[in-house]
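Take a look at the letters that make up each chain.
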Amino acid sequence: MKIALLEPIGVSKEMIDAFGAKLGEMGHEFVYYDTVTTDPEELKARSKDCGIVMVANHPYPDEVVEASEKLQMISVAFTGIDHIGTKACKEKGVMVCNAAGYSNETVAELILGFAVDALRNVAKGDQAVRNGGTSAGIGGREICGRTVGIIGLGQIGTRTAELFRAFGAKVIAFNRSQSQKALDMGIEYRSLDEVLAESDIISLNLPLNEETRGFIDREKIGKMKKDAVFINCARGPIVDNQALADALNEDKLGFACVDVYDMEPPLPEDYPLLHAKNTLLTPHQAFISQESMERRAEIVFRNVLGYLEGKPENTCRL
């Protein structure tokens, strides 16, 4: 079987070659592309005759799936699969497996870092020193004793809650179902309105799907405390980012830390959050660390090996 890794996944070529050699020993042809493409025609060419392809977080649309006649399985080096042509996969019976869990720690740590910066004015302090200023007026507030609201208590949300608890925060959460682990940790489940209204810090940790697209809208943002810190390291389209920018500029929300947007950076110059007050913006880096990239590569290739051995792992519901 021909198996192709269609784009880089953040690890060394030596690591890729080692995984590829194992596939070769099993009698399969392995091909690796070390450049990113979003051109459907190029993706079709790279996927030609492949039974399995591996992709990261760039689009692999329906038309490419439809054109890939021998395709049986896609191993996605990402948690979300909203960039994959799942409609065509479902119609053709193509299995999709993700890299669930690879970035739990990495994303949770950045969320904590965002909260520390937002409350303690770390970036402002850096600029004050560089501009000849002092610490006057930028002392900030502590996480300890504050109420943190987690919207979406999956693996990342639960780990985020665990870290906030270690800082001495009270954690409340909104989720469709309850877990005993969360209850044992002391997390209190609340309604969405209660989480929005009571939280000093809100971390959004939902997946993107048709139910969550645009979920955090103008009305929900309006229910947040005026001095609340809102953090989005989940997916950009879950939030009405124009409404978020308006709330910040109108002093209806205290601060926003955002790592994900309606598109991948670079952002257009007129993107609303670029011109909003009290923001800390990063270029979709929450999932990236040396450790997470290595975990991701291991999971992605393990998914392929599991499929070839008739024991698929991390299969996604389409």
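About the cut-offs
- Residues numbered from 1 in each chain as written.
- Predicted model: local features only at pLDDT ≥ 70, side-chain atom pairs only at ≥ 80, totals over all residues.
- Heavy atoms only, no water.
- Pairing = 2+ DSSP bridges.
- Helix = DSSP H or I, 4+ residues; strand = E, 2+ residues; numbered from the N terminus.
- Right-handed = clockwise from strand over helix to strand, strands pointing away.
- UniProt positions renumbered as here; feature names shortened; annotations may be inferred.
- Buried < 20%, exposed > 50% of the residue type's maximum accessible area, 1.4 Å probe, protein only.
- Contact = heavy atoms within 4.5 Å.
- Axes fitted to C-alpha atoms, helices over the stretch in contact; angles between N-to-C directions.

Peer 1: Kindly report on the pairing of strand E2 (residues 29-32), identifying the contributing residues and their values.
Peer 2: Summarising the sheet, strand E1 (residues 2-5) and E2 pair through 4 bridges and their orientation is parallel. Looking at E2, one finds that Lys2 is bridged to Glu29. Taken together, E1, helix H1 (residues 13-25) and E2 form a β-α-β motif whose crossover is right-handed.

Peer 1: Got a sec to walk through the UniProt feature "domain: D-isomer specific 2-hydroxyacid dehydrogenase catalytic" (unreviewed entry) in the chain? Specific residues and values, please.
Peer 2: Per the UniProt record, "domain: D-isomer specific 2-hydroxyacid dehydrogenase catalytic" (unreviewed entry) is annotated on residues 5-315. Helix makes up 38% of residues 5-315 and strand 14%, whereas the separation of the span's terminal C-alpha atoms amounts to 18 Å.

Peer 1: Please give an account of the environment of Ile3 that cites residues and values.
Peer 2: Note that Ile3 resides in strand E1. You can call Ile3 buried: its relative accessible area is 0%. Along the chain, Ile3 and Val55 lie 52 residues apart, while their C-alpha atoms are 11 Å from each other. Those residues in contact with Ile3 that lie beyond four places of it in its chain are Leu23, His28, Glu29, Phe30, Val31, Ile52, Met54, Val304 and Leu308.

Peer 1: Any details on the sheet that holds strand E4 (residues 73-76)? Residues and values, ideally.
Peer 2: Ordered by their spatial adjacency, 5 strands build an open sheet running E2-E1-E3-E4-E5, and the pairing between neighbours is parallel. Looking at which strands have only one partner, the edges of the open sheet turn out to be E2 and strand E5 (95-97). Pairs of neighbouring strands in the sheet enclose a mean axial angle of 15°, with direction left out of account. Here helix H12 (residues 290-308) sits on the sheet in contact with E1, E2, strand E3 (50-55), E4 and E5, set at roughly 155° to E4.

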